[in-house]
Amino acid sequence: MNKKKIVIALAVILIIIIVAVILFLQKNKENIQINIEGLAEEITKSNAFEDQLEKIDSEMTMQDYNFSTDEVEQLVSYQGSGATSEEIVILQVKGKNNINSVKEKMNARLSERKEAFESYLPEEVGKIDNSILRVEGNYIILCIANDANTVNNVINEYIK
């Protein structure tokens, strides 16, 4: 009987420790700080793209995605020549309550681009389907690349 109580007590202690570690890791992820210019630069240098990406004016990106200045704190954007669907948008949202609306707008833009490329350059649709859309704290990272795995690795290395 005593062995049973000891095993149960150890199991409860182990569960408490696991929950505490998970909560600690989530709290640290929420407080993440990303230099969006630096991350975008690292991604562009990663050789994950077929096209040469050029930096795009943030105002133009705000309009393309229908973002409002109430939602977005800062953003950086790169696009290809138009011969590919390749693109990078990294932004910091103003508060957690804006993450879902900004993410919805990014998904809407992905749908628009997919529809446009289906008739224009159908071979680019696969890149859009495999695009990266990640939320890291108050940051959202969107990347359409030829090699999404490489981009994910760059992001993981940059934010660890």
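The preceding data block contains the structure.
Everything numeric here is computed off the predicted structure, so don't read it as measured data.

### A look at the pairing of strand β2 (residues 72-79)
No. 1: Counting buried positions over the 8 residues of β2 gives 6, a clear majority of the element.
No. 2: By the bridge criterion, 3 bridges tie strand β1 (residues 54-56) to β2 in an arrangement that is antiparallel. Looking at the pairing, Ile56 lines up with Ser77 of β2.
No. 3: Relative to strand β3 (residues 87-93), β2 runs antiparallel, the two sharing 7 bridges. Across the sheet, residue Val76 finds its bridge partner in β3, namely Ile90.

### Considering the pattern of salt bridges
No. 1: Summed over the entire model, instances satisfying the criterion amount to 11 salt bridges.
No. 2: The salt bridge partner of Glu124 is Lys127, with a shortest N-O separation of 3.1 Å. This pair shows no difference in class: Glu124 is buried, exactly as Lys127 is.
No. 3: With its nearest N and O atoms 2.8 Å apart, the salt bridge here joins Glu136 to Arg134.
No. 4: Residue Glu136 is classed as buried on the basis of its relative accessible area, which comes to 7%.
No. 5: Salt bridges here are not isolated pairs; linked through shared partners, they connect Glu50, Glu86, Glu124 and Lys127.

Cut-offs applied
- Residues numbered from 1 in each chain as written.
- Predicted model: local features only at pLDDT ≥ 70, side-chain atom pairs only at ≥ 80, totals over all residues.
- Heavy atoms only, no water.
- Buried < 20%, exposed > 50% of the residue type's maximum accessible area, 1.4 Å probe, protein only.
- Helix = DSSP H or I, 4+ residues; strand = E, 2+ residues; numbered from the N terminus.
- Pairing = 2+ DSSP bridges.
- Salt bridge = Lys/Arg side-chain N within 4 Å of Asp/Glu carboxyl O.

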